[in-house]
Amino acid sequence: MNLSLRTTLAAAVAATAMATTLAAPAAAESAEPLDYVALGDSFAAAPLVLPVDTSNLLCLRSLADYPHVAAKALGARLTDASCSGATAEHLTTSQYLGTKPQLKALSEDTDVVSITIGGNDTGLVTAALGCLNVLPKPLGSSCAARNTKDGVDSVKAGIDAWAPKFATALNQIKQRAPHAKVFVIGYGNYIRPGGCFPTQPIWDVDATYIQGATDHLSAALRTTARQHGATFVDTYSLGIGHDVCAAPADRYIEGIIPAHIATPLHPNAKGSEAIGSALASSVLSAIRTG
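The paragraphs below set out a description of the structure included in this document. Keep in mind it's a predicted model, so treat the numbers as computed, not measured.

1. As for the packing of aromatic side chains
One pass over the full model with this rule turns up 3 aromatic pairs. An angle of 45 degrees between the planes, with centres 6.4 Å apart, marks the rings of Phe-43 and Tyr-190 as tilted. Within this pair, whereas Phe-43 is found in helix H3 (residues 42-45), its partner Tyr-190 is found in the loop between strand E4 (181-185) and helix H8 (204-227), the two being separated by 147 residues in sequence. Using a relative accessible area of 3% as the deciding quantity, one classes Phe-43 as buried. A relative accessible area of 15% places Tyr-190 in the buried class. Linked through ring pairs, Phe-43, Tyr-187 and Tyr-190 together constitute an aromatic cluster.

So, in structure tokens, the structure goes:
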């Protein structure tokens with residue numbers, strides 16, 4: 001697309017506003033759709049959520065993940081490069097045989113980029129799985145105690161050490177898609193303070209700890225995004241009352257034993273819908289403010 005981003009986005013807003021009028025079909029046809037590229041890991045890809053994206057089965061990507069939800073709301077042309085298990089390294093190197101580095105999806109014509117990355121890089125995913133305790137205290141061991149030996153929080157230290165790599169990733173995105181607006185999506189609200197043992201087999205102190213580590217990663221993403229001219233999309237507040245401790249019908253994040261077709265500790269269909277809608281709203285807000 002050779003139109004300026006501002007002109008293209010303005011056209012997208014006009015098309016969206018006209019969607020409720022009788023002239024909407026004609027407006028949609030005349031407006032050039034946004035070129036939207038989604039990057040990231042399984043938080044973006046929503047593995048196992050139906051329907052499955054059969055174009056790359058190794059990435060366990062859903063056609064109902066938050067990028068698809070946002071693209072539909074925006075009327076955008078989507079290239080979804082997100083892939084389960086991805087790290088920042090896979091932005092520039094192939095994750096699987098036949099899978100291109102994610103940044104290959106970007107070009108000078110890209111208008112919008114979204115990204116969620118860092119959970120695998122920083123060891124947060126492994127740390128969260130290490131917090132499971134089927135038996136009540138004092139049986140088992142605390143992941144909070146294990147990860148904060150000698151007064152040093154190894155998980156948070158790993159996040160801080162990784163943050164400069166995310167800054168490099170944002171610079172690389174800007175180089176490949178110089179006209180794009182970039183949106184960084186945080187990891188959200190997994191489990192409430194104190195948890196809900198035994199509904200979810202995580203001790204109270206460990207539930208508070210692992211959500212605190214998740215918040216620390218999201219804070220690093222937020223700070224780095226702002227430093228590099230990207231927009232941070234908060235998913236914590238929209239997940240209040242919808243964490244793994246909520247009733248199954250209210251959950252946006254699946255628990256250790258999923259109540260819906262989704263991967264444990266990942267967004268389900270409702271969660272992807274909520275995150276995608278929040279992203280679309282953020283994009284439209286950026287359009288209106290220029």
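2. Details of the pattern of salt bridges
A side chain with one charge may pair with a side chain of the opposite charge, provided their charged atoms come close. Evaluation of the coordinates by the stated rule reveals 5 salt bridges. Residues Glu-32 and Arg-77 are paired through a salt bridge, measuring 3.7 Å at the closest nitrogen-oxygen approach. Of the two residues, Glu-32 is situated in the loop between helix H2 (24-30) and strand E1 (35-40) and Arg-77 in strand E2 (residues 77-80); the sequence distance between them amounts to 45 residues. Glu-32 sits in the partly exposed class, given a relative accessible area of 36%.

Rules behind the numbers
Residues numbered from 1 in each chain as written. Predicted model: local features only at pLDDT ≥ 70, side-chain atom pairs only at ≥ 80, totals over all residues. Heavy atoms only, no water. Phe/Tyr/Trp six-rings, centres within 6.5 Å; stacked < 30°, edge-to-face > 60°. Helix = DSSP H or I, 4+ residues; strand = E, 2+ residues; numbered from the N terminus. Buried < 20%, exposed > 50% of the residue type's maximum accessible area, 1.4 Å probe, protein only. Salt bridge = Lys/Arg side-chain N within 4 Å of Asp/Glu carboxyl O.

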